Amino acid sequence: MTTIADNLQAVKARIGRAAQAARRDARAVTLLAVSKTHPQSRIAEARAAGQHAFGENYVQEALEKMSALPESEWHLIGPLQSNKTRLAAERFQWVQTVDREKIAKRLSEQRPAELPALNVLIQVNASGEKTKSGVQPSEVLDLARIIASLPRLRLRGLMAIPEPGAPRERYAEVRQVFDELKKRMEVDTLSMGMSDDLEIAIAEGATMVRVGTAIFGARRKEKSAA
Ligand SMILES: *Cc1c(COP(=O)(O)O)cnc(C)c1O
C-alpha cells in the first residue's frame, strides 16, 4: 500500500520532471497539499513527511485542522463569502480566491494587527471557463491596484483553475495576465495546476501547484458550498 509519504515523493518527482522539461528550477514551484475532506490524521502524516503548506476550501473545516497543526501554513482556496472573511483574515496565512473589492477590503480591515499582512492572490477566470468565480483578465489590474493600496494585504499574484481538459492556450492566457501584472507590481506567485494538470501548468509558468488527490487519494463526494 502506498503511503502519503510515497505519494508526496511521487508528486515531487512529477514536479521535478515537469520543471526540467520546461527548463525551470523545480525549487521555484511550491507544492500546496490540498487536504479538503481528509481527516487530521492524514494531514499529520503529510506534515511528518515534511509537507509545510496546506490548502482548504472551507473555512470552518480548516479551523479544526489548524488547531492540531499550528506550525503549518494554511491557504484558503475555496470561494469566500463576505460573512466568512473575519475567520479567514484571522486564521489563514494566504487567501487565494480574492475576486472583488468588497472581499479585499474586509480582509484588510479584519486582519489582526499583530499578524503579518495577509498574502492574497487574485482568482482570474481565463476565457471560456464555466465557473463564475474569478475576475476577467481585463479586470485584474484594477483589482490589483486596489489590493496594493490596502494596508493589511500583500498581493502575491494570481490563482486560476482551468477546467479539466482545458487546452494549453487557457494556461498560456493566464500566464500572460501574470506577466503583465509582473511588469507593474512586485508579485511572485502563479497558483495553477492540480493532480491531473500540474505538468501543463508548470510548463506555463506556475510557481505553485495545488495537489489533493495525488497526495491523499480520492475524496468522497464534496459539499457544494463554502
Ligand atoms: C480540490 C481542489 C484542488 C485539488 O484538486 P485535485 O484534483 O484533487 O488535485 C486544487 N485547487 C482547488 C481550488 C480545489 O478546489
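Everything discussed here concerns the structure shown above.
In short, a report on the structure. (Residues numbered from 1 in each chain as written. Predicted model: local features only at pLDDT ≥ 70, side-chain atom pairs only at ≥ 80, totals over all residues. Heavy atoms only, no water.)

### Considering the environment of Ser-82
Then step 1. Turning to its location among the elements, Ser-82 is positioned in the loop between strand E3 (73-76) and helix H4 (85-91).
Then step 2. By relative accessible area, Ser-82 is classed as buried at 19%.
Then step 3. If near-sequence neighbours (up to four positions away) are discounted, Ser-82 is found in contact with Arg-100, Lys-102, Ile-103 and Arg-106. (Helix = DSSP H or I, 4+ residues; strand = E, 2+ residues; numbered from the N terminus. Buried < 20%, exposed > 50% of the residue type's maximum accessible area, 1.4 Å probe, protein only. Contact = heavy atoms within 4.5 Å.)

### Quick word on the environment of Met-1
Then step 1. Locating Met-1 in the fold gives a position in the segment before helix H1 (4-21).
Then step 2. Owing to a relative accessible area of 98%, Met-1 belongs among the exposed residues under this scheme.
Then step 3. Considered as a pair, Met-1 and Gln-96 are 95 residues apart in the sequence and their alpha carbons are 33 Å apart.

### What to know about the side chain of His-75
Then step 1. Here His-75 lies in strand E3.
Then step 2. Reaching out from His-75, the side chain makes a polar contact with the side chain of Glu-73 at a distance of 2.7 Å.
Then step 3. For His-75, the residues in contact, after removing those within four places along its chain, are Leu-32, Ala-53, Phe-54, Gly-55, Glu-56, Phe-92, Trp-94, Gln-96 and Met-208. (Polar contact = N/O pair within 3.5 Å; in protein donor to acceptor, adjacent residues only side chain to side chain.)

### Some thoughts on the environment of Pro-167
Then step 1. By secondary structure assignment, the location of Pro-167 is in the loop between strand E6 (153-159) and helix H7 (168-184).
Then step 2. When its relative accessible area of 33% is taken as the criterion, Pro-167 is described as partly exposed.
Then step 3. With 33 residues separating them in the primary sequence, Pro-167 and Ile-200 have C-alpha atoms 9.4 Å apart.

### Topic: the nonpolar core
Then step 1. Counting 61 residues, the largest nonpolar core has Val-95, Leu-107, Ile-122, Ile-147, Leu-158, Val-209 and Ile-215 as its most contacted members.
Then step 2. Considering every element that reaches this core, the biggest residue donor is H1, with six residues.
Then step 3. Setting aside anything within four residues of it in sequence, one finds Leu-107 in contact with Leu-80, Thr-85, Ala-88, Ala-89, Val-95, Val-98, Leu-118 and Leu-153.
Then step 4. In terms of nonpolar packing, the next biggest core, distinct from the first, is built from eight residues, Leu-32, Val-34, Trp-94 and Met-159 among them. (Core = buried A, V, L, I, M, F, W, Y, C linked by side-chain atoms within 4.5 Å.)

### A short note on the site of the ligand
Then step 1. In the vicinity of the ligand there are 13 residues, among which Lys-36, Asn-57, Ser-195, Thr-213 and Arg-219 approach most closely.
Then step 2. Within the side chain of Asn-57, one N or O atom sits 2.8 Å away from an oxygen atom of the ligand.
Then step 3. Within the side chain of Arg-219, a nitrogen or oxygen atom sits 2.8 Å from an oxygen atom of the ligand.
Then step 4. Burial of the ligand by the protein chains amounts to 88% of its free accessible area of 390 Å². (Near = heavy atom within 4 Å. Areas by Shrake-Rupley, 256 points an atom, 1.4 Å probe, with all protein chains shown as cover.)

### What to know about the pattern of salt bridges
Then step 1. Taken as a whole, this structure holds 11 salt bridges when the rule is applied.
Then step 2. A salt bridge links Lys-65 to Glu-61, with the shortest nitrogen-to-oxygen separation between them at 2.7 Å. Linking Lys-65 with Glu-61, this pair stays in helix H3 (residues 59-68), spanning four residues, or about one helical turn.
Then step 3. Classification of Lys-65 by relative accessible area gives buried; the value is 7%. (Salt bridge = Lys/Arg side-chain N within 4 Å of Asp/Glu carboxyl O.)

Keep in mind that these numbers describe shape and distance, not what the molecule does.
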